[in-house]
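Listed here are the chains, written in short residue letters.
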Amino acid sequence: MDEQVDSPAVLILLPPSEGKAGQGDGPPLDLGRLSSPALNPVRELLVDRLVELCADEDAAVKALKLPASSRHYVEANRTLRTAPTLAAWELYNGVLYDRLGLGDLPDGEQVLIASPLWGLLRPSDRVPPYRMPMSTRFTGLDGLAKLWRPAVGEVLGDRGDLIVDLRSGAYAQVWGPKNRGVTVRVFKEDLAGKRTVVTHMAKATRGEVARALLAGGARPESAADLGDFLAAHGWKIELNEPATRSKPWLLDIVID
């Protein structure tokens, strides 16, 4: 397992998904085998607090805002340290990951998956199924975005390559790539030219963008290169320069 995040010329940041596989078949969780070991102190803290929270099912359901159909995650969280694990690319199975299809791509190690519990995961990192939204609050701790910010900044802060940011807003609050990053947004446009965000299609499109980059072996070195690549693959795009050096480029994909 790599001890640090290498520089693959372009890095793709993904959100996790609420949809997850039900059970792993690998060895129990070993934080020492996960990538980005600088994140392990926060991982240890949050695993302990989540296991503790889920000792009380009613309190956990309330704190994690679990619908009735997801109450089984209380038991999953309670057994985080002993449950079988699976690779992150197998764990996440929402719309974005269905369209991305990491399992049949030759190399997904240009990808990092943002996570409220693990901070960042490579697709090959093995973790158990869990449920903990970014909005979760633990007594005596800062909010998750603030809690993760220093550690994630340590892992990603010195990167010089292009970062394609496909995360949703909650995860972007943890860390931002500034003007060496490109935030990809997806809008649906009606006949009158009005644009709206359509969550399901936005997730699907982000997955397709990531797949196109990985399957094509693309190595865009700039926001303009990325825009040219996506336009050549049939997407209608608009690229906007950062308002300041502390902000990312904005690449809007417009779908009908």
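Residues numbered from 1 in each chain as written. Predicted model: local features only at pLDDT ≥ 70, side-chain atom pairs only at ≥ 80, totals over all residues. Heavy atoms only, no water.

Engineer: How would you sum up the nonpolar core? Please name residues and give values.
Structural biologist: Membership of the largest hydrophobic core comes to 80 residues, with the highest contact counts inside it found for Leu46 and Trp118. It is helix α6 (residues 144–156) that contributes the most residues to this core, eight residues altogether. The contact partners of Leu46, leaving out residues within four places of it in the chain, are Pro116, Leu117, Met132, Phe138, Leu141, Leu144, Leu147 and Trp148. (Core = buried A, V, L, I, M, F, W, Y, C linked by side-chain atoms within 4.5 Å. Buried < 20%, exposed > 50% of the residue type's maximum accessible area, 1.4 Å probe, protein only. Helix = DSSP H or I, 4+ residues; strand = E, 2+ residues; numbered from the N terminus. Contact = heavy atoms within 4.5 Å.)

Engineer: Explain helix α9 (residues 223–232) to me, and be specific about the residues and the numbers.
Structural biologist: Listed in full, the buried residues belonging to α9 are Ala223, Leu226, Gly227, Phe229 and Leu230. In a view along the axis of α9, the buried residues occupy a sector of 160°, so they form one face of it. With respect to the buried face of α9, the exposed residues turned more than 90 degrees away are Asp228 and Ala232. Its buried side turned inward, α9 meets β6 (162–165), β7 (181–189), α8 (199–215), β9 (236–240) and β10 (249–255). One or two residues past the end of α9 sits Gly234, with phi positive at roughly 100°. (Arc of directions from axis to C-beta.)

Engineer: So what's going on with the pattern of salt bridges? Which residues, and what values?
Structural biologist: Counted according to the given criterion, the structure contains 14 salt bridges. Close ionic contact of Asp252 with Arg185 constitutes a salt bridge, the shortest N to O distance being 2.7 Å. One end of the pair, Asp252, is in strand β10; the other, Arg185, is in strand β7, and 67 residues separate them in sequence. A relative accessible area of 5% means that Asp252 is categorised as buried. A salt bridge links Glu238 to Arg195; its shortest N-O distance comes to 2.6 Å. Of this pair, Glu238 sits in strand β9 while Arg195 sits in strand β8 (residues 195–196); the two residues are 43 residues apart in sequence, bridging distant segments of the chain. Under the relative-accessibility criterion, Glu238 is labelled partly exposed at 31%. What you see here is one network of salt bridges that share partners, running through Glu189, Arg195, Lys236 and Glu238. (Salt bridge = Lys/Arg side-chain N within 4 Å of Asp/Glu carboxyl O.)

Engineer: Outline the packing of helix α1 (residues 40–53) against α6, supporting the account with residue identities and numerical values.
Structural biologist: Running from N to C, α1 and α6 point in directions that differ by 155°, and their axes come no closer than 9 Å. One finds that α1 runs roughly antiparallel with respect to α6. From α1, Val42, Arg43, Leu45 and Leu46 reach across to α6, where they touch Leu144, Leu147, Trp148 and Ala151. Residue classes in the contact of α1 with α6 are distributed as seven nonpolar, no polar and one charged. (Axes fitted to C-alpha atoms, helices over the stretch in contact; angles between N-to-C directions. Parallel < 35°, antiparallel > 145°, perpendicular 65-115°, else oblique. Nonpolar A, V, L, I, M, F, W, Y, C, P; charged D, E, K, R; others polar.)

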